[in-house]
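Chain by chain, the residues run as shown.
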Amino acid sequence: MADAFSSSSETVIQRVVDVKTKTNTPVDSLEESYQIKETCDFIRERQCKKVALQFPDELLVDSVAVAAEIDRNSEAIAYILGDTSYGSCCVDEVTAEHVGADCIVHYGGTCLSPSTRLPLMYVFERRAVDLEKCSSSFRELYPDTQSLVIILYDVNYVHAMNDLYTLLSQEYPNLVVSELVVEGEQCHIHGWIKRHDDDTSMSERDNSQVICQFGRRFSLKSGSNIKDYKMFYVGQEGSTFTNFMMTWNRCSFSSFDPLTMTGRTESVSINRALMKRYYAIERAKDANVVGILVGTLGVADYLTVIQQLKETIHRAGKKSYMFAMGKLNVPKLANFPEIDIFVLIACPENALLDSSEFYKPVVTPFEMEVACNKKREWSEEYVTDFRHLLPGGRSHVPSAEQQEDDEETDVSLITGSLRSHNMLLSEPAAPSCGSSVVLRNQTLTVANANSAGTTRSKRELLIGHSLICSPCTSICFLLKASHTCNHCSITFINILNAFSSQRRSWQSGAGRVWSRSWARRRW
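Since the structure is predicted, the reported quantities are computational estimates derived from the model, not experimental observations.

How each quantity is defined
Residues numbered from 1 in each chain as written. Predicted model: local features only at pLDDT ≥ 70, side-chain atom pairs only at ≥ 80, totals over all residues. Heavy atoms only, no water. Helix = DSSP H or I, 4+ residues; strand = E, 2+ residues; numbered from the N terminus. Buried < 20%, exposed > 50% of the residue type's maximum accessible area, 1.4 Å probe, protein only. Contact = heavy atoms within 4.5 Å. Areas by Shrake-Rupley, 256 points an atom, 1.4 Å probe, with all protein chains shown as cover. Pairing = 2+ DSSP bridges. Core = buried A, V, L, I, M, F, W, Y, C linked by side-chain atoms within 4.5 Å. Phe/Tyr/Trp six-rings, centres within 6.5 Å; stacked < 30°, edge-to-face > 60°. pLDDT = per-residue confidence, 0-100. Axes fitted to C-alpha atoms, helices over the stretch in contact; angles between N-to-C directions. Salt bridge = Lys/Arg side-chain N within 4 Å of Asp/Glu carboxyl O. Arc of directions from axis to C-beta.

Caption draft 1: Representation of the overall build of the chain within the structure. Along the chain, the regular secondary structure elements total 16 helices and 24 strands. Within the chain, the fraction of its 523 residues that count as buried is 51%. Long-range pairs, those at least 24 residues apart, make up 64% of the contacts in the chain with a sequence separation of at least 6. Total accessible area on the chain is roughly 25300 Å²; 48% of this is exposed by carbon and sulfur atoms.

Put into structure tokens, the structure is as follows:
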């Protein structure tokens, strides 16, 4: 028997998994496919002794051969990063630092989110695309040769975009091809990636508007707006394409899939998808306890947006707790039924999580700000990049200063009941240090786990538990009250075994008992 949070052990053992394996790349093709010479030059220029090679799951079959070639052609020792802490599109700087790497080489698809700690080089997978069929599909989708069209694409097809533009530019004078750009001096630029540092001078030079988002940059004609353009995407359906459609939701989209070699107009209603997100915002307005999920440790400014979210949530009269648990799944979040809603801090491509199967909704930082900040209104603008919400960002809205005696209420569109915005404002603000959920008098409470500012009795409650360090995600076992992280010597967040001795249950569809000790094993 199984319920929403567990499955039969026999079923798991007998399950047949259909895995599509990629054949090994021939040795004589490794140089071209993985840019071995350019990678070795990148390593030698920075005099790196240890290099971390980050591969997505589909490219791991070539990882050993690529690492051997780099060892042979450079003086560095290569370390393979296989299972990343979060999404494979993000650079896993934390794991690279654990092995003492001096630089990172990221292979395959990427969200191009800025990273700041280590020198970085991107190597894209050169996926095949039939340019003749792609250009033919483009002509069928856009019969008007004067159409304003922007070509977007998955990064693994960037090698073919110049040739595609050459085939179409004579017929379509208003065609624009986006180019890949990166932020920060740590990232290595090459023929397919440019530096994002000269947008202002570029727009002044030709009197055009320059749009730069999600590692893509393109120029609009003078006097035109992004709403006047149509988008043509080259690549498969996925988080990248969904991110583009949600952000530029006023533009019509068409796509060409190089695998099936077919083009189509995207008929999926963006308005319907936005209304589903608005429903999640209403759930966030009804929530009293918010869980902040740390979904990245490498994207720049993630700590800043966490602090801003804490303050915004507190001003709205809600409580917040922070969780760092790696890749998310249903059983992990089901460990915390006391949380009314979760907000995920992640890169733009991983932030739009489909939480329909989760016990509680998972929203983005933008959606939580719409729910908690009275000055931010729901409009046609949808923000997936949390850095745009920070002060100085293009979508930043200052938080509303609420008065303690200004008790405001409105009606929930879900429950129909009145809700107050000032319910918890009389309580002290939560400290910036980490907090841990512990068991006290058979009720759930929160005890600060800061070794410098808490009493001995509170620290002793955590002795004997496995703890996760908030900044570096190292797992340690607390033997004494003064124990600190072996890696960074900073406070822990206890999210694994605080309830290991206490069985908790509730009624599910089958009426069975679900225990936290089971969840601990499944973790």
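Caption draft 2: Summary view of the pairing of strand β5 (residues 149-153). The buried fraction of β5 is high, at 5 of 5 residues. A two-sided burial pattern is seen for β5, the buried positions comprising V149, I151 and Y153 on one face and I150 and L152 on the other. Sheet analysis places β5 next to strand β6 (residues 175-177), joined by 3 bridges and oriented parallel. Considered in β6, the bridge of I151 is made with V177. Relative to strand β11 (residues 230-234), β5 runs parallel, the two being bridged by 5 bridges. Among the inter-strand pairings, Y153 is bridged to a residue of β11, identified as V234.

Caption draft 3: Broad picture of the nonpolar core. I150, L152, F218, W248, F253 and M368 are the most contacted members of the largest nonpolar core, which has 58 residues in total. Setting aside residues up to four positions removed in sequence, L152 forms contacts with S178, R216, F218, M231, F232, Y233, V234, F244, W248 and F253. Of all hydrophobic cores here, the second largest spans 35 residues; its members include I151, Y153, Y157 and L180.

Caption draft 4: Broad picture of the packing of aromatic side chains. One pass over the full model with this rule turns up 21 aromatic pairs. Ring geometry for F138 versus Y172: centroids 4.9 Å apart, planes at 85°, classification edge-to-face. Of this pair, F138 sits in helix α6 (residues 131-141) while Y172 sits in the loop between α7 (161-168) and β6, and the two are 34 residues apart along the sequence. For F138, a relative accessible area of 0% translates into the label buried. Residue class for Y172 comes out buried when judged on its relative accessible area of 3%. An aromatic cluster is built from F214, F218, Y233, F241, F244, W248 and F253, whose rings are joined through pairwise contacts.

Caption draft 5: Up close: the confidence of the model for the chain. Summarising the model, the chain shows a mean pLDDT of 77, and 73% of its residues fall at 70 or more. Ignoring residues within four places in sequence, the model shows residues 423-468, a span with pLDDT below 50, making 103 contacts including any to other chains. Below a pLDDT of 50 lies the segment residues 490-523, which in the model reaches 97 contacts outside its immediate sequence neighbourhood of four places, other chains included.

Caption draft 6: Expanded view of the sheet that holds strand β3 (residues 103-107). Taken together, the 4 strands give an open sheet; going across it, the order is β2-β1-β3-β4, and neighbouring strands pair in parallel fashion. Sheet topology places β2 (77-81) and β4 (120-123) at the edges, where each strand pairs with a single neighbour. Each neighbouring strand pair of the sheet contributes to a mean axis angle of 20°, computed without reference to strand direction. One ladder, built from 4 bridges, connects strand β1 (residues 50-54) with β3; its direction is parallel. Considered in β3, the bridge of Q54 is made with H106. Sheet contacts for helix α3 (residues 36-45): β1, β3 and β4; angle to β3, the most-contacted strand, approximately 160°.

Caption draft 7: Structural context of the pattern of salt bridges. Scanning the model with the defined rule gives 15 salt bridges in all. Linking R117 and E97 is a salt bridge whose minimum nitrogen-to-oxygen distance equals 3.4 Å. Residue R117 is located in the loop between β3 and β4, and its partner E97 is located in helix α5 (residues 93-98); the two are separated by 20 residues in the primary sequence. Put simply, R264 and E237 hold a salt bridge, and the shortest N to O gap is 2.2 Å. Pair noted here: R264 is in strand β13 (residues 262-265) and E237 is in the loop between β11 and α9 (239-247), with a separation of 27 residues, a long-range link. R264 gets classed as partly exposed once you look at its relative accessible area, which sits at 40%. Judged by its relative accessible area of 59%, E237 is exposed. One salt-bridge network, held together by shared partners, links K37, D41 and R44.

Caption draft 8: Region of interest: α6. Listed in full, the buried residues belonging to α6 are L131, C134, S135, S137 and F138. The arc that holds every buried residue of α6, seen down its axis, measures 160°, which confines them to one face. Among the exposed residues of α6, those pointing more than 90 degrees away from its buried face are E132 and E140. Those residues of α6 that are buried lie in contact with β5, α7, β6, β11, β12 (253-257) and β13.

Caption draft 9: Up close: unusual backbone geometry. The phi torsion at F214 lies on the positive side, around 55°, for a residue other than glycine. By secondary structure assignment, the location of F214 is in the loop between β9 (209-213) and β10 (216-220). Take F214: its relative accessible area is 9%, and that puts it in the buried class.

Caption draft 10: Main features of the sheet that holds strand β17 (residues 362-363). The 4 strands lie next to each other as β15-β14-β16-β17, forming an open sheet whose pairing is parallel. Taken across any chain shown, the strands that pair with only one partner, and hence form the sheet edges, are β15 (319-323) and β17. Strand direction decides the pairing type here: strand β14 (residues 289-294) and β15, joined by 5 bridges, are parallel. For V289, the partnering residue across the bridge sits in β15 and is K319. Across the face of the sheet, helix α11 (residues 302-315) comes into contact with β14, β15 and β16 (341-345) while running at roughly 180° to β14. Sheet strands in contact with helix α14 (residues 365-372) are β14, β16 and β17, and its direction is about 130° off that of β16.

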